[in-house]
Amino acid sequence: MIDRDELLHVARLARLALDEDELQTTAAELSSILDHVATIDELDLEGIEPTAHIGDVEDSLRADQVARSLPREVALAPAPAIRDDGFLVPSPQGE
Amino acid sequence: MAKAELEPVIGLEIHVQLRTATKMFCGCALGFGEPPNTRTCPVCLGLPGALPVANAEAIHYGLLIGLALNSTLAPVSTFHRKNYFYPDLPKGYQISQFDLPLCSGGKLGEVNIHRVHLEEDAAKLNHVGVGGRIDQANSSIVDFNRGGTPLAEIVTEPELSSAEQAGQWLRLLRTTLRTLGVSDVNMEEGSLRCDANISLRPAGSDQLGVKTELKNMNSFRFIERGIRAEVERQRALIEAGEEVVQETLHFDPRSEAITSLRSKEEAHDYRYFPEPDLPPVVISESMLSRAAAELPELPAAREQRYIEQQSLSAESARMLAWRAELGDYFDAVCEADRSLDAQAAANWVAELQGRLGDQEAEDSKVSASALAQLAALVASSKINQGGARQVLDQLVNEGGEPAAIVADQGLEAVGGAEQLAPIVAAALEANPELTERLRSGEMKPIGVIVGEVMKQTRGRADGEQVTALIREQLGLS
Amino acid sequence: MADDIQALSAAAAAAAIADGGLARAELFEHYRARAAADELNAFTWVAEDEPTVINGPLGGVPLAVKDLFCTEGIPSQAGSKILERYCPPYTATAVANLAAAGAPLLGKTNQDEFAMGSSNENSAYGPVLNPWDRSRVPGGSSGGSAAAVAAGLAPWALGTDTGGSIRQPASLCGIVGLKPTYGAVSRYGMIAFASSLDSAGPLTRDVTDAALFYRNLVGRDSADATSVAFPGPIDLPTSERLDGITLAVPTALVDGEGIEAGVRESFEASLETARELGATIVGCEIPSAPYALSAYYVIAPAEASSNLARFDGVRYGLRTEASTLDAMYTQTRHDGFGAEVKRRILIGTYALSSGYYDAYYGRAQRVRTVVSRELAEIFTKADFIATPTSPTVAFRLGERTADPLAMYLSDLFTIPMSLAGTPAISIPSGLSEGLPVGLQICGPAFSENRILDAAHALERAIGFDGAAARSGGV
Ligand SMILES: [Mg+2]
Ligand SMILES: [Zn+2]
């Protein structure tokens, strides 16, 4: 079960604005999903290691060799707002 | 209730930019003041679909650091995601290490190391103030050149007890890292950044008080001043019966003011989880042996060498070993004149550094060979200590050759019995009353006679030699 | 001539081009015209001209690519409004590999937003219609790819499978879909949903096409640290028999509730066919299977919540302007993401948040270990696991949108293999009420050659005909 305050907290962590009606329906949906997920509790997982990665990769590292960077205009092209050759955002200090 | 003495408990977190050719997880060359956003690619811009691949050399540097700090190196090390939103963090998470860092434990000097882990640096945010329109709020511009630079984060145990100790230890760490060649360790340019966790507790207690975190101090002096200021702030709070609040703080070195960086309600919940894009890094035998083979002589070993092979005092050995630049300068002085007594050379290096403040000896106007010359002039009694200090002052200010300065300013020592004896005799003669007192065994007036001789020789006589001559002429043994 | 071209499988078309019987440009234009006239909403972008084609083993046969693969200079929107008109500066390795092997890009196909869905109704660019019945869904999330191939709008298509997103739409559209061993295909340039589960694979008309496609898709990619070299080449399948092969059927799972009678009948008929081909059918248990679904619906949203954090309005994509940074973030993400994506971001964020990690993410990862062990155990006694791919045939548009949980149950049979990272194929096993049913065959890691061989033998014996759908796409 997830209550309104928890949902607001999670939405805040995820930087998702939720309308009032979204809040209502989402809380109910999440609760039913989480209830279903909670059936995992029926399993005895004592002593079982978690799996974070599938398969073994022998050598996953990269040699320290320079590859070409993107031209600046290409890097900036998809940006919603740019100024002085950089990505423009509302200041995090302006809050 | 009697007030218990409060003692500071300080832990340090140091972020070190590694001097690899490329970034931590992509092939972009590291940025060094290039125009903004010219060192980016899909990976370090966090473009959709791009994936990180860890830089083998950064892992190698991490292992070198671990070996130098006597850490335990992990056989298998994993990366985690640290999730939070900020414009300098393109993916919405920082790839860092969490439960299996590359290095655990260890010790440098007297300070125990908690861990060393690898992560990626954030991009640079430039605050540009109010935008063009009146209704526009403050803006920032993001430059991703720095984003993704490899960082080693070194965390000490909370066991430093003063600002001075923290500053001194950081110098040792910096020297160690510089010797390893893994970083530029330039604090002003941000390649070495230090946060301090600070709390106070009653002396002798083994419990930790509420700590605050002082962020991103970028010079040794600021670190010492910042820690000192924060310790005093906490002391004042506690003594006034108030409570220290756990928060992140910023120290302004100009105003000495300490301000809170983040509001309390912004609770941190980084939702760490294993980075699925990066398989665990298995540290192979060959990686370990390569790191071991590349390990240079470190400050502790250098300190030992100075004591054992050059018979330096413990104090001199530490000073020179812990500040590698100074040690290198000392080595150059000894190299310039192999007949010099090492301890005397070390003393002159210390004398020089005392005059230079924050400047490095090698960047000063005093070349190592000039200092060697100066030390030799003293050793051969061509000048006395006072004269040598005068020469040193001039070297520091204007540079030049010690011998020439001595000749120029007439600073040659007046020495040898044949030169000094008549002057001593004249001084005794001119002060019969004092001479009598000396003869009767009262030694106090000897200073006046020495002073008189110094006056006559314009300070160029050797004080000890003058004393010896007085005794000789008065028949005192 | 157009009908003749339309009747060719991709492999047959490549052969026709190779021996001079078919002009490459004609083939491209045939499919380009069909894709441009698409009435199923299967495409989100169609090429205007044939791109430069490299001579290679794929013979110039045009390729449809799921929208979430980055294609340089071409919209790559992952079915999301937040990436509307976004054109990346680079191309995904999988697409580049296929292009290098001679498959030119025909178009980008519609999908559930960020691959989250089993019906293709979660696309910001509208639902895709099933060519067998336009009132029904094509499955998802690779619904556009599946519908395009089934309707003959494309000879073959590249899709992705995280919990069943290739196999389930292949099943619902009556075509072949192969989910590879995790790591066998590079994920570089695939817009991530759940990184530890995502894999790219072919959707094709038949098993031979799947093998031809797949042999040019696999390979270690230094840009994807989780990618591995496939041990040995992928062969074109030739098998017509299943002698000596053991198929294990997870009885409790297949006999469980929620499986349509028509699906069960078709599945049993397939088993009978397998027996006739010489296979032995045995029962097996995957006791953790019901929990696998729960684990999946923790792990996938958790990874997604992190993968989708980069959509913040700063560097690309949609931005809703606001005076504070926080308002810009939250409003951009509110406006840019659809309901299902938001739901999963919230679930995933919750499952990773402090105090809940162990109960949700930690436990789910342990279930993953159990599922892998149970499958590995079965593979010590049997060559393959066989199940229906989906418990139902294609359902009606809108039928399940109100109940996310019911939608999630579509993936009951496909999720265990996703968690274990093992390969699985879906091939058509027949029709139920005029709609295709899929048969899933799953083997241990890197057993794709054997899976393709077995699927080939069954395909020939089953003799499914998808021609009815291929006339219906335009
Ligand atoms: Mg850090
Ligand atoms: Zn880069």
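Q: Please explain the coordination of the magnesium ion (ligand 1) as it appears in this structure.
A: Ideal coordination angles are 109.5 degrees for a metal with four donors arranged tetrahedrally and 90 or 180 degrees for a metal with six donors arranged octahedrally. All names here are of chain B. Protein coordination at the magnesium ion (ligand 1) comes from His15 (NE2), Glu119 (OE), Glu119 (OE) and Glu153 (OE), with a distance range of 2.0 to 2.7 Å. Read in sequence order, the donor residues for the magnesium ion (ligand 1) give the motif H-x103-E-x33-E. Remark: Glu119 occurs in strand E8 (residues 111-120) and His15 occurs in strand E1 (residues 6-17); sequence separation between them is 104 residues. We classify Glu119 as buried; its relative accessible area is 4%.

Q: Help me understand the interface of chain C and chain A, please; the structure alone is not making it clear to me.
A: You'll often see interface size given as the accessible area lost when the parts meet. Across the boundary between the two partners, chain C contributes 61 residues, which contact 52 residues of chain A. Summing the contributions of chain C and of chain A, the shared interface buries around 4,900 Å²; its carbon and sulfur component is 67%. Summed over the three residues of chain C that lose the most area to chain A, namely C:Tyr291, C:Leu346 and C:Arg363, the buried surface amounts to 14% of that side. Remark: the boundary between chain C and chain A carries 5 salt bridges.

Q: Would you take a moment to explain helix H5 (residues 143-150) of chain C for this structure?
A: Working note: α-helix, 3.6 residues per turn, so residues spaced by three or four point in the same direction. Residue and element names in this part refer to chain C. Among the 8 residues of H5, 8 are classified as buried, and the element is accordingly described as predominantly covered. For H5, every residue scored as buried is listed here: Gly143, Gly144, Ser145, Ala146, Ala147, Ala148, Val149 and Ala150. After H5 finishes, the residue Gly152 shows a positive phi value of roughly 70°.

Q: Which parts of the structure should I look at to understand the state of the cysteines?
A: Two cysteines form a disulfide when their sulfur atoms are joined by a covalent bond. Applying the stated criterion across every chain yields a total of 0 disulfides over all chains. Among the cysteines around C:Cys284, which has no disulfide bond, C:Cys442 carries the closest sulfur, lying 9.9 Å off.

Q: Explain the pairing of strand E7 (residues 246-250) of chain C here, please?
A: The two faces of a sheet get side chains in turn, since along a regular strand they alternate between them. All names here are of chain C. Across the 5 residues that make up E7, a large majority, 5, are buried. What you see with E7 is no split at all: Thr246, Ala248 and Pro250 on one side and Leu247 and Val249 on the other are buried throughout. Of the pairings in the sheet, the one linking E7 to strand E8 (residues 280-284) comprises 5 bridges and is parallel in character. Counterpart to Pro250 in the pairing with E8 is Cys284. As paired strands, E7 and strand E9 (residues 384-388) are joined by 2 bridges and run parallel to one another. Residue Leu247 lies in a different strand from E9, and its bridge partner there is Phe384.

Q: What exactly am I supposed to notice about the side chain of B:Asp88 here?
A: In this structure, B:Asp88 sits in the loop between strand E4 (80-83) and strand E5 (93-96). Once residues within four sequence positions are removed from consideration, B:Asp88 is found in contact with B:Ala122, B:Ala123, B:Leu125, B:Val142 and B:Phe144.

Q: What's the story with empty space enclosed by the protein in this structure? I'm lost.
A: Rolling a probe over the atoms, with the probe sized like a water molecule, indicates the empty space that remains. Within the structure shown, the criterion is met by 6 cavities of 30 Å³ or more. Considering only enclosed or pocket space, the largest cavity measures out at about 90 Å³ in volume. Grouping the amino acids of the lining of the largest cavity by side-chain chemistry returns 12 nonpolar, 2 polar and 4 charged.

Q: Explanation requested: the confidence of the model for chain A in the structure shown.
A: Low-confidence regions, as indicated by low pLDDT, have predicted coordinates that should not be scrutinised in detail. Chain-level pLDDT for chain A is 91 on average; 98% of the residues reach the 70-or-more range. Highest mean pLDDT in chain A belongs to helix H3 (residues 72-76) of chain A (98); lowest belongs to helix H2 (residues 20-37) of chain A (88).

Q: Whenever I open this one, the nonpolar core confuses me. Can you help?
A: Nonpolar side chains tend toward joint burial in soluble globular proteins. Ranked by size, the top nonpolar core spans 198 residues in total, and within it C:Phe69, C:Phe114 and C:Leu158 carry the most contacts. Setting aside its immediate chain neighbours within four residues, C:Phe69 contacts C:Ser76, C:Ala92, C:Ala94, C:Val95, C:Lys108, C:Leu158, C:Gly159, C:Thr160, C:Gly189, C:Met190 and C:Ala200. Formed by 104 residues, the second largest nonpolar core is a distinct cluster that contains B:Ala229, B:Tyr306, B:Leu371 and B:Leu374.

What counts and how
Residues numbered from 1 in each chain as written. Chains lettered and ligands numbered in written order. Predicted model: local features only at pLDDT ≥ 70, side-chain atom pairs only at ≥ 80, totals over all residues. Heavy atoms only, no water. Donors = N, O, S within 2.8 Å, 3.2 Å for Na, K, Ca; no water. Helix = DSSP H or I, 4+ residues; strand = E, 2+ residues; numbered from the N terminus. Buried < 20%, exposed > 50% of the residue type's maximum accessible area, 1.4 Å probe, protein only. Contact = heavy atoms within 4.5 Å. Buried area = accessible area lost by both parts, 1.4 Å probe. Salt bridge = Lys/Arg side-chain N within 4 Å of Asp/Glu carboxyl O. Disulfide = S-S within 2.5 Å. Pairing = 2+ DSSP bridges. 1 Å grid on protein atoms, 1.4 Å probe; cavity = no way out; pocket = protein on both sides within 12 Å on 5 of 7 lines; lining within 4 Å. Points joined across faces, edges and corners; volume = space filled by probe spheres on them. Nonpolar A, V, L, I, M, F, W, Y, C, P; charged D, E, K, R; others polar. pLDDT = per-residue confidence, 0-100. Core = buried A, V, L, I, M, F, W, Y, C linked by side-chain atoms within 4.5 Å.

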